[in-house]
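Read off the chains here:
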Amino acid sequence: MSSSTDPQPTIGLIGMGAMGRMYTKYLSQGGWTKIHVCDLPSKYEALKQEYDGVPGVVVLTDGHAVSRSADFIMYSVEAEFIESVVAEYGPSTKLNAIVAGQTSVKAPEKAAFENHLPPDAQIVSCHSLHGPGVSPIGQPLVLIRHRASVEALKQVETILSCFGSRFVYMSYDEHDLVTANTQAVTHAAFLSMGTAWASMRTYPWEHGLYVGGIETAKVNIALRIYSNKWHVYAGLAILNPSAKIQIDQFAASATVLFTMMLESGSDSEAEKKFRDRIEWAGKTVFGAEKKRTPILLSSDVLDRFSLGTPTGKTDKANSHLSLLAMVDCWAHLSIQPFEHLLLAATPIFRLFLGVAEHLFLSPTLLQSAIHSALYDTWHRQDDLEFVVAARGWSQCVSFGSFELYRRRFDETRAFFESRFEEAGVMGGEMIKAIMESEKEREAQQ
Ligand SMILES: NC(=O)C1=CN([C@@H]2O[C@H](COP(=O)(O)OP(=O)(O)OC[C@H]3O[C@@H](n4cnc5c(N)ncnc54)[C@H](OP(=O)(O)O)[C@@H]3O)[C@@H](O)[C@H]2O)C=CC1
Ligand SMILES: O=C(O)C(=O)Cc1ccc(O)cc1
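- The name an unreviewed UniProt entry gives the chain is Prephenate dehydrogenase [NADP(+)], with Mycena indigotica as the organism.
- The chain has a UniProt comment under Sequence similarities (unreviewed entry) that states "Belongs to the prephenate/arogenate dehydrogenase family."

### So, the overall build of the chain
- In terms of helices and strands, the chain carries 19 helices and 8 strands.
- Residue burial in the chain is summarised as follows: out of 445 residues, 57% are buried.
- Counting only contacts in the chain whose residues sit at least 6 apart along the sequence, the fraction spanning at least 24 positions is 79%.
- Within the structure as shown, the chain displays about 18,300 Å² of accessible surface, and the carbon and sulfur contribution to it stands at 53%.

### Observations concerning the domain arrangement of the chain
- Domain boundaries in the chain define domain 1 (11–170) and domain 2 (175–444).
- Counting from both sides, the interface comprises 20 residues of domain 1 and, opposite them, 20 residues of domain 2.
- Roughly 1,700 Å² of surface becomes buried between domain 1 and domain 2 when both sides are summed, with 65% attributable to carbon and sulfur atoms.
- The interface formed by domain 1 and domain 2 contains 3 residue pairs in polar contact (both at pLDDT 80 or more).
- With 3 residues, the top contributor of residues to the side of domain 1 that touches domain 2 is strand S7 (residues 140–147).
- Each residue belonging to the side of domain 1 that touches domain 2 can be placed in one class, and the counts come to 11 nonpolar, 5 polar and 4 charged.

### So, the site of ligand 1
- Around ligand 1 sit 26 residues in total, of which Asp39, Val77, Ser104, Lys229 and His231 are the nearest.
- Met19 places a polar main-chain atom, nitrogen or oxygen, 2.8 Å from an oxygen atom of ligand 1.
- Val77 is positioned such that a nitrogen or oxygen atom in its backbone is 2.7 Å from an oxygen atom of ligand 1.
- For ligand 1, the accessible surface in isolation is 890 Å², of which the surrounding protein chains cover 88%.

### Points about the confidence of the model for the chain
- The predicted model of the chain averages 89 in pLDDT, with 88% of residues at 70 or higher.
- At the level of chain-chain contacts, confidence expressed as ipTM amounts to 0.99, with global pTM at 0.92.

### Here we look at the pairing of strand S6 (residues 122–128)
- For S6, the tally of buried residues reaches 6 of 7 residues, placing the bulk of the element in the interior.
- As a crossover connection, the stretch from strand S5 (residues 98–101) through helix H5 (residues 107–116) into S6 is right-handed.
- For S6 and S7, the ladder comprises 6 bridges, and the chain directions are antiparallel. Bridge pairing in S7 places Ser125 opposite Ile144.

### Section: the site of ligand 2
- Close to ligand 2 lie Ser104, His127, Ser128, His130, Gly131, Gln183, His187, Val232, Tyr233, Thr346, Pro347 and Ile348.
- Within the side chain of Thr346, an N or O atom sits 3.1 Å from an oxygen atom of ligand 2.
- With the chains in place, 93% of the 330 Å² that ligand 2 exposes on its own is no longer accessible.
- Counting only elements with at least two residues in the shell around ligand 2, the list comes to S6, helix H7 (172–199), helix H9 (230–238) and helix H15 (347–360).
- Partitioning the shell around ligand 2 into residue classes produces 4 nonpolar, 8 polar and no charged.
- No fewer than three residues from each of domain 1 (11–170) and domain 2 (175–444) sit in the shell around ligand 2.

### Some points on the packing of aromatic side chains
- Evaluation of the coordinates by the stated rule reveals 17 aromatic pairs.
- Among the aromatic residues, those joined into a ring-pair cluster are Trp197, Tyr203, Tyr226, Tyr233, Phe409, Phe415 and Phe416.
- The lysine or arginine in question, Arg408, covers the ring of Trp393, its NZ or CZ lying 4.5 Å from the ring centre.
- The ring of Tyr203 has Arg419 sitting right over it, with the charged end atom 4.0 Å from the ring centre.

### A few points about the environment of Gly287
- By the secondary structure assignment, Gly287 is in the loop between helix H11 (268–286) and helix H12 (299–303).
- Remark: the alpha-carbon pair of Gly287 and Gln8, spanning 279 residues in sequence, is separated by 51 Å.

### Quick notes on the sheet that holds S6
- Judged by pairing direction, the sheet is mixed, and its 8 strands sit side by side in the order S3-S2-S1-S4-S5-S6-S7-S8 without closing on themselves. Whereas interior strands pair on both sides, the edge strands pair on one side only; in this sheet they are strand S3 (57–59) and strand S8 (166–169). The mean angle between the axes of side-by-side strands here comes to 25°, regardless of whether they run parallel or antiparallel.
- The strands that helix H1 (residues 18–29) touches are strand S1 (11–14), strand S2 (35–38), S3, strand S4 (72–75), S6 and S7; relative to S1, the one it contacts most, it runs at about 160°.
- Running over the sheet, helix H6 (residues 150–160) touches S1, S4, S5, S6, S7 and S8 and is turned about 155° from S7.

### Examining H6
- Those residues of H6 lying buried are Ala152, Leu153, Val156, Glu157, Ile159 and Leu160. Buried positions in H6, seen along its axis, are confined to an arc of 165° and lie on one side of it.

### What about the pattern of salt bridges?
- Under the counting rule described, the total for this entry stands at 12 salt bridges.
- Here Asp71 makes a salt bridge to Lys94, at a shortest N to O gap of 2.8 Å. Taken together, the residues span a long stretch of sequence, with Asp71 in the loop between helix H3 (63–69) and S4 and Lys94 in the loop between helix H4 (82–89) and S5 at a distance of 23 residues.
- Overall, Asp71 belongs to the buried group, its relative accessible area being 4%.
- A salt bridge links Asp173 to Lys110; its shortest N-O distance comes to 3.9 Å. Of the two residues, Asp173 is situated in helix H7 and Lys110 in helix H5; the sequence distance between them amounts to 63 residues.
- For Lys110, a relative accessible area of 22% puts it in the partly exposed group.
- Three or more residues are tied together by salt bridges with common partners; here these are Glu403, Arg406 and Asp410.

### Details of the side chain of Asp39
- Position of Asp39 relative to the elements: it lies in the loop between S2 and helix H2 (44–50).
- A polar side-chain atom of Asp39 sits 2.7 Å from the main-chain amide nitrogen of Met16.
- A polar contact of 2.8 Å, which involves the side chain of Asp39, links it to the side chain of Lys43.
- With residues up to four places along the chain from it excluded, the contact list for Asp39 reads Gly15, Met16, Gly17, Leu47, Thr61 and Asp62.

About the thresholds
- Residues numbered from 1 in each chain as written.
- Chains lettered and ligands numbered in written order.
- Predicted model: local features only at pLDDT ≥ 70, side-chain atom pairs only at ≥ 80, totals over all residues.
- Heavy atoms only, no water.
- UniProt positions renumbered as here; feature names shortened; annotations may be inferred.
- Helix = DSSP H or I, 4+ residues; strand = E, 2+ residues; numbered from the N terminus.
- Buried < 20%, exposed > 50% of the residue type's maximum accessible area, 1.4 Å probe, protein only.
- Contact = heavy atoms within 4.5 Å.
- Areas by Shrake-Rupley, 256 points an atom, 1.4 Å probe, with all protein chains shown as cover.
- Domains from an automatic or database assignment.
- Buried area = accessible area lost by both parts, 1.4 Å probe.
- Polar contact = N/O pair within 3.5 Å; in protein donor to acceptor, adjacent residues only side chain to side chain.
- Nonpolar A, V, L, I, M, F, W, Y, C, P; charged D, E, K, R; others polar.
- Near = heavy atom within 4 Å.
- pLDDT = per-residue confidence, 0-100.
- Right-handed = clockwise from strand over helix to strand, strands pointing away.
- Pairing = 2+ DSSP bridges.
- Phe/Tyr/Trp six-rings, centres within 6.5 Å; stacked < 30°, edge-to-face > 60°.
- Lys NZ or Arg CZ within 6 Å of the ring centre and 35° of its normal.
- Axes fitted to C-alpha atoms, helices over the stretch in contact; angles between N-to-C directions.
- Arc of directions from axis to C-beta.
- Salt bridge = Lys/Arg side-chain N within 4 Å of Asp/Glu carboxyl O.

Have a look at this one:
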């Protein structure tokens with residue numbers, strides 16, 4: 001790191017995509033004066049022009065130039081490529097530099113750093129648990145002191161303090177377990193909703209049946225995910241071994257619950273089995289949480305962020321199969337989602353857990369969802385498409401194919417693309433409102 005006569009370390013960012021740019025922005029605004037950045041050499045000229053005059057930022061040709069000059073180096077590249085990128089630039093790491101990665105799954109990053117960084121390099125990795133369009137203030141920022149002195153960790157904290165995020169400390173292995181619990185299944189659920197809607201060629205908020213309250217949250221988040229980079233979700237699902245197990249359980253839960261819905265009909269024994277299973281899942285996940293202040297805003301507030309206009313048909317109950325399956329999945333895997341809430345929740349996980357909690361802690365809502373699941377047939381096609389989509393995503397992840405993942409993602413994305421701008425604004429405001437209401441509640445408690 002910097003010597004005592006040089007108060008500012010040189011900060012290096014390799015990969016100037018969405019996250020690299022976000023880091024550059026906050027580091028520059030935070031007053032750091034030596035921020036060396038690069039992307040692929042082919043983007044050098046364009047990046048140089050773009051960052052001309054941005055305080056503290058120097059664009060360099062490639063990762064060798066950044067690695068050789070920086071005291072703290074962060075790799076913000078696709079998880080799929082971390083091994084090859086570190087293999088290329090790692091040997092150029094400045095003597096005694098501290099190295100970090102921003103990848104959403106850490107097992108490949110850890111292996112890449114151990115295999116390709118010089119022995120004098122210290123490793124303090126990180127992970128901002130939010131997307132590039134969310135304000136980092138108050139969000140969890142994971143710090144992983146893997147091969148580094150306490151002093152090195154302090155230096156990283158100092159550099160990143162300008163984000164106003166909440167530091168969360170864990171090991172590489174803990175990180176992958178926690179993020180599988182919070183992110184993998186949440187993403188699988190929203191990816192499946194999107195694929196189901198796209199398969200039916202319907203924008204759910206446009207036909208008036210899925211508008212307002214819980215539906216608003218589902219639509220806004222699904223569109224938010226599809227407007228992000230496919231490789232972010234592919235990487236954390238395919239390269240994290242714990243994620244595969246969870247996504248598989250989610251698909252299994254959706255399938256079993258849907259089958260039970262079909263079997264019930266006039267069969268009271270089958271109906272009882274379904275009710276018992278939902279009740280068991282709800283107790284397992286939410287049972288101990290009766291005294292917690294609920295996460296979610298009221299339905300009225302959620303309605304403010306709706307993409308569609310309530311038509312009066314909106315009171316019609318539906319099965320909320322995705323939420324029932326999520327809670328069933330958590331219960332089967334003995335995941336206690338509230339344990340992660342304080343520690344390492346992303347905005348999307350927080351919101352989805354809040355929506356599930358809203359459903360399960362309201363006896364009226366839950367009973368009407370169960371009743372609708374058992375007796376209504378109008379949403380059967382939607383639920384069937386959802387189950388097919390969940391199984392498809394699970395199979396895709398189990399095959400470990402990035403190409404297949406990209407094709408599935410792109411197909412659904414194309415269907416929603418024209419709506420991203422509108423949904424991005426709404427979704428952003430919804431997340432902001434929820435974060436603010438959380439802060440207010442915390443202050444009151
Ligand atoms: N987006 C998100 O919500 C979050 C993402 N992350 C993680 O951060 C990392 C980056 O994600 P994000 O910024 O969204 O993705 P982007 O695709 O926007 O950015 C990655 C950038 O790295 C570039 N790159 C690839 N190889 C090299 C190389 N050899 N040298 C220099 N640059 C290279 C890519 O170029 P090219 O496109 O040409 O390949 C691209 O510009 C990922 O590992 C992701 O999992 C973490 C938190 C949130
Ligand atoms: O909130 C979410 O789950 C997101 O989708 C944004 C996101 C994506 C990848 C990360 O590694 C961290 C956050």
